Number of protein chains: 2
Amino acid sequence: MISRSQPIELTERAQHLLKVLIERYIEEGQPVGSRTLARNAGLNLSPATVRNVIADLEEMGLVTSPHTSAGRVPTVKGYRLFIDSLLSVKPLEQALTQKLWEDFNAQEDPQELLKTASRLLSSLTHMVGVVTLPKRQQLAFRHIEFLPLSQGQVLVILVTEDREVHNRIIRPSRPFTSAQLQQAANYLNVHLKGKRLTELRMALFDELQQTGEQISAEIKSVLEMAKSVLEFGPEEDFVLTGRTNLMDFSELADHERLRSLFEAFEEKRNLLHLLDQCIEAEGVQIFIGEESGYQPLEQCSLVTRSYAVENRAFGVLGVIGPTRMHYESVIPLVDVTAKLLSHALNQKLMPPS
Amino acid sequence: MISRSQPIELTERAQHLLKVLIERYIEEGQPVGSRTLARNAGLNLSPATVRNVIADLEEMGLVTSPHTSAGRVPTVKGYRLFIDSLLSVKPLEQALTQKLWEDFNAQEDPQELLKTASRLLSSLTHMVGVVTLPKRQQLAFRHIEFLPLSQGQVLVILVTEDREVHNRIIRPSRPFTSAQLQQAANYLNVHLKGKRLTELRMALFDELQQTGEQISAEIKSVLEMAKSVLEFGPEEDFVLTGRTNLMDFSELADHERLRSLFEAFEEKRNLLHLLDQCIEAEGVQIFIGEESGYQPLEQCSLVTRSYAVENRAFGVLGVIGPTRMHYESVIPLVDVTAKLLSHALNQKLMPPS
DNA sequence: GTTTGGCACTCAAATAGGAAGAGTGCTAAC
DNA sequence: GTTAGCACTCTTCCTATTTGAGTGCCAAAC
């Protein structure tokens with residue numbers, strides 16, 4: 001978890017100047033000088049006075065200057081303080097919330113819902129939208145189907161509570177007839193319904209241990225098959241939208257940086273790991289620049305929030321963009337999108353029936 | 001289809017010089033001047049003579065010069081002539097072919113096979129590998145399953161001959177009980193097995209028309225449901241690997257160009273359309289630069305070949321890279337990869353059984 | 001008539017030298 | 001504590017100027 005910046009003793013005025021400086025920098029993208037800051041702060045201070053204050057802020061590591069004759073730019077530490085204590089997030093416009101809600105309701109398929117969420121995030125922020133797929137292991141069992149293929153192979157089709165269809169080809173240790181497979185599926189469909197896949201694995205394991213002799217060899221081998229099905233590899237995934245948006249930001253224009261960023265997107269693994277860390281967090285979670293500890297994201301910030309069905313965290317959604325982003329509006333957007341997605345999923349998956 | 005360049009009357013010598021020029025340019029990436037060319041052609045000609053010949057080639061539109069004091073660079077027309085008549089493709093190394101074959105055989109899942117193909121293409125060429133998924137419509141029916149959801153919705157799971165599992169949520173016009181759905185699936189599984197999806201749509205349509213009164217209302221509505229299932233949207237797809245490789249090429253380093261290229265990759269639609277054009281072509285198909293007619297690929301070439309199962313073209317695979325690519329080795333690689341993939345798919349999907 | 005050396009010419013890329021402008025830090029005065 | 005003043009430091013933007021690669025053309029050589 002990200003440690004909140006420990007309270008720094010800053011005069012009211014210094015805080016205000018830092019806030020204005022960061023806001024201005026986020027808006028313009030240029031280092032902010034004392035003259036501009038003095039004009040914008042509305043405090044009737046001369047540039048010279050502002051310089052004194054800013055010099056203190058620099059000493060504290062909240063701002064730096066790219067070179068002697070440039071203005072100041074916030075550091076990660078500065079952004080952190082800004083976000084934690086200076087930022088005034090305004091709630092999302094009602095009309096926009098409404099629009100989001102309608103977009104979500106236009107989708108039937110839960111998978112489409114996730115894509116829509118990602119698309120919305122990227123198009124509204126002009127940055128990258130990301131939504132992780134629900135972790136299979138956390139999902140509840142809904143239906144299973146065995147389809148015999150040639151050479152003793154079996155195509156297993158597993159439907160989880162989120163209506164997602166997973167499939168995999170396995171090679172059971174002993175051959176089954178088509179009828180046997182059918183029977184096995186029926187058996188499992190009755191007995192496993194509604195259980196979570198993780199629990200299921202445990203349960204099957206126990207059952208195989210304990211009732212070793214009491215149950216028929218056939219059932220035993222079916223259970224073994226079922227168990228092998230649940231051992232999914234780590235093929236979890238996420239939806240990423242608007243990658244190319246990042247090419248518009250001058251701070252990421254460097255070829256090497258951009259390249260490593262795009263490679264990170266293709267690689268998925270590390271990024272997914274990072275996102276997984278956010279799943280248990282309450283509310284909006286933010287990694288600023290190097291805070292993520294992931295080198296390709298060095299110049300980027302990640303704003304996330306988990307989405308949930310029936311209060312179980314299903315996955316994470318968020319926005320990736322340059323450190324210099326409009327947190328003021330991104331944070332509420334991510335917040336609301338996650339809430340609406342959760343709500344929509346709840347409606348689709350847990351209908352009043 | 002790409003029109004082969006009509007035979008141009010070129011002296012032996014001019015052809016040879018063009019060939020050397022292009023080879024050299026592909027190798028070095030720098031415009032080739034008369035001095036270098038004279039040295040490399042092995043013809044014992046003076047630069048001045050070479051200049052005369054090259055001037056002719058320029059007049060014919062086979063080469064241009066970026067500016068007065070630079071050497072010459074091949075044009076699309078030049079590349080075309082080079083590939084069609086000057087290029088001597090050497091067969092792939094035996095060892096490499098062997099390695100490819102082993103990589104393919106390590107995969108069970110057909111879908112993984114396609115990914116592997118794409119990965120191999122991109123990693124061996126340091127460019128982008130692309131493999132289209134088999135066109136659903138062309139595939140044969142294997143199995144169908146109806147799973148009742150809430151609110152009268154039905155999750156349809158369709159397995160095609162390539163063992164791919166397609167799913168979709170539909171809302172039938174009349175409600176079905178669980179047992180009815182089971183029965184319907186059984187019926188369809190028996191009657192539709194092995195038929196192609198396109199044919200199937202036609203057949204179902206006909207059946208619904210003709211035997212309007214003879215069949216029971218229930219069967220009729222099942223058929224209607226089946227038909228609606230087959231009306232897949234145009235969600236065809238492809239696997240793309242190694243996008244970031246393109247960032248290494250100086251000729252694509254321009255930000256705008258790169259951006260539009262990556263957008264094209266995200267958009268998929270137009271690129272897919274282009275790839276579809278290649279599916280019926282015999283052997284390796286090449287689009288050089290603007291030949292593709294797709295603006296983002298202006299500076300790129302596309303080398304493709306279709307892959308097939310039982311002599312039915314299933315999909316297309318290929319490589320996307322800068323126009324200035326090493327055709328000499330890319331062409332045989334794409335050729336062999338397609339053949340091996342076809343072969344591997346045949347083995348997996350059409351086992352001797 | 002093909003080939004070649006010679007030569008003037010063109011243009012991109014690299015280098016160097018200011019000049020302008022923004023912003024700082026420090027000091028001394030208010 | 002605040003401010004004006006000023007010297008100083010850098011970046012950015014011009015503008016020559018040079019260098020070098022390569023061309024095109026012509027007249028001579030083969």
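Anything mentioned here points back to the structure above.
Residues numbered from 1 in each chain as written. Chains lettered and ligands numbered in written order. Predicted model: local features only at pLDDT ≥ 70, side-chain atom pairs only at ≥ 80, totals over all residues. Heavy atoms only, no water.

Colleague: Talk me through the overall build of chain A; I want residue IDs and the actual numbers.
Modeller: Helices and strands together make up the secondary structure of chain A, namely twelve helices and ten strands. For 353 residues, the compact-globule formula gives about 20 Å, and the C-alpha radius of gyration of chain A, at 26 Å, lies well above that figure. With respect to the principal axes defined by its C-alpha atoms, chain A has extents near 90 × 40 × 35 Å. With 353 residues in all, chain A has 52% of them scored as buried. Of the contacts made within chain A by residues no fewer than 6 positions apart, 63% connect residues no fewer than 24 positions apart. (Helix = DSSP H or I, 4+ residues; strand = E, 2+ residues; numbered from the N terminus. Rg over C-alpha atoms; globule rule 2.2 N^0.38 Å. Buried < 20%, exposed > 50% of the residue type's maximum accessible area, 1.4 Å probe, protein only. Contact = heavy atoms within 4.5 Å.)

Colleague: Account for the sheet that holds strand β5 (residues 154-160) of chain A, with residues named and values stated.
Modeller: Residues and elements named next belong to chain A. Read from one edge of the open sheet, three strands run β4-β5-β6, paired in antiparallel fashion. Each edge of the open sheet is held by one strand with a lone partner, namely β4 (141-148) and β6 (165-170). Looking at each pair of strands side by side, their axes are set apart by 20 degrees on average, direction ignored. Where β5 lies against β6, six bridges are found, and the strand directions are antiparallel. Its bridge partner being in β6, I157 is matched across the sheet by N167. (Pairing = 2+ DSSP bridges. Axes fitted to C-alpha atoms, helices over the stretch in contact; angles between N-to-C directions.)

Colleague: I'd like to hear about the interface of chain A and chain B, residue by residue, with values.
Modeller: On the side of chain B, 34 residues touch chain A, which itself brings 34 residues to the contact. For the interface between chain A and chain B, the tally reads six salt bridges. With a shortest N-O distance of 2.1 Å, D248(B) and R259(A) are connected by a salt bridge. The interface formed by chain A and chain B contains ten residue pairs in polar contact (both at pLDDT 80 or more). At the level of elements, β4, β5, β6 and α10 (255-267) of chain A are the ones that each hand at least two residues to the side of chain A that touches chain B. Considering every element that reaches the side of chain A that touches chain B, the biggest residue donor is α10(A), with six residues. Residue composition of the side of chain A that touches chain B, by class: 14 nonpolar, nine polar and eleven charged. (Salt bridge = Lys/Arg side-chain N within 4 Å of Asp/Glu carboxyl O. Polar contact = N/O pair within 3.5 Å; in protein donor to acceptor, adjacent residues only side chain to side chain. Nonpolar A, V, L, I, M, F, W, Y, C, P; charged D, E, K, R; others polar.)

Colleague: Help me get a handle on the pairing of strand β9 (residues 300-309) of chain A, residues and values and all.
Modeller: All names here are of chain A. The element β9 is largely enclosed, with a buried count of ten among its ten residues. Residue alternation in β9 divides its side chains into two sets, C300, L302, T304, S306 and A308 and S301, V303, R305, Y307 and V309, and both sets are buried. Bridge count between strand β8 (residues 285-288) and β9: four bridges; the pairing is antiparallel. Within the sheet, the bridge partner assigned to Q285 lies in β9 and is T304. Pairing analysis gives ten bridges linking β9 to strand β10 (residues 312-322), with the strands arranged antiparallel. Bridge pairing in β10 places V309 opposite R312.

Colleague: Give me the lowdown on the protein's contact with DNA strand D, citing residues and values where you can.
Modeller: Neighbouring DNA strand D are 20 residues, the closest being R13(A), T49(A), S69(A), S34(B) and S69(B). In DNA strand D, atoms within 4 Å of the protein come 72% from sugar and phosphate. R13(A) places a side-chain nitrogen or oxygen 2.9 Å from a phosphate oxygen of DNA strand D. At 3.4 Å, a backbone N or O of T68(B) approaches a sugar or linking oxygen of DNA strand D. When residues of the surface near DNA strand D are traced back to their parent elements, those giving at least two are α3 (47-59) of chain A together with α3 (47-59) of chain B. Per-element accounting of the surface near DNA strand D gives the leading share, four residues, to α3(A). Across the surface near DNA strand D, the residue classes break down as three nonpolar, twelve polar and five charged. (Near = heavy atom within 4 Å.)

Colleague: Break down the nonpolar core for me, citing the residues and quoting the values.
Modeller: Within the largest apolar cluster, 170 residues are counted, with the highest numbers of intra-cluster contacts made by Y327(A) and Y327(B). If we ignore the near neighbours within four places in the chain, the residues touching Y327(B) are I26(B), Y79(B), I83(B), L87(B), V89(B), I286(B), I288(B), S301(B), V303(B) and P332(B). (Core = buried A, V, L, I, M, F, W, Y, C linked by side-chain atoms within 4.5 Å.)

Colleague: Go over the protein's contact with DNA strand C, please, and point to the residues and values.
Modeller: Surveying the vicinity of DNA strand C reveals 20 residues, the closest of which are S34(A), R13(B), T49(B), T68(B) and S69(B). Taking the atoms of DNA strand C that fall within 4 Å of the protein, sugar and phosphate contribute 77% of them. Within the side chain of R51(B), one N or O atom sits 3.3 Å away from a base oxygen of DNA strand C. Within the residue set of the surface near DNA strand C, elements represented by two or more residues are α3 of chain A together with α3 of chain B. When its residues are assigned to classes, the surface near DNA strand C shows three nonpolar, twelve polar and five charged.

Colleague: Describe α10(A), with residues and values.
Modeller: Along its 13 residues, α10(A) runs 18 Å from first to last C-alpha, staying within 8% of the 18 Å computed at 1.5 Å per residue. If you check which residues of α10(A) are buried, you get L258(A), R259(A), L261(A), F262(A), A264(A) and F265(A). Turning to α10(A), the residues buried within the fold contact β3 (128-132), β7 (238-241), α11 (269-276), β9 and β10 of chain A together with α10 (255-267) of chain B. Where α10(A) terminates, the next one or two residues include K268(A), which has phi positive at roughly 70 degrees. (Expected span 1.5 Å × (residues − 1).)

Colleague: Describe the relation of the copies chain A and chain B, naming the residues involved and giving the relevant values.
Modeller: By a simple turn and slide, chain A fits onto chain B: the slide is 0.0 Å along the axis, the RMSD is 0.2 Å, and the turn is 180 degrees. The two molecules are tied by a two-fold rotation axis, judged by turn and shift. Closest to the rotation axis within chain A is the C-alpha of V165(A), separated from it by 4.0 Å. A high fraction, 100%, of the interface residues of chain A reappear at the interface in chain B, so the copies pair face to face through one surface. (Least-squares fit on C-alpha atoms with pLDDT ≥ 70 in both.)

Colleague: Let's hear about the packing of aromatic side chains: which residues, and what values?
Modeller: Taken as a whole and assessed by the stated rule, the structure comprises five aromatic pairs over all chains. Judged by centre distance (5.9 Å) and plane angle (55 degrees), the ring pair of Y79(B) and Y327(B) falls under tilted. Of this pair, Y79(B) sits in helix α4 (residues 76-86) while Y327(B) sits in helix α12 (residues 327-349), placing them 248 residues apart in sequence. Overall, Y327(B) belongs to the buried group, its relative accessible area being 0%. One aromatic cluster is present, formed by F262(A), F265(A), F262(B) and F265(B) through successive ring pairs. The ring of F238(A) has K268(A) lying over it, and the distance from NZ or CZ to the ring centre is 5.2 Å. (Phe/Tyr/Trp six-rings, centres within 6.5 Å; stacked < 30°, edge-to-face > 60°. Lys NZ or Arg CZ within 6 Å of the ring centre and 35° of its normal.)

Such coordinate-based values are descriptive only and should not be taken to indicate function.
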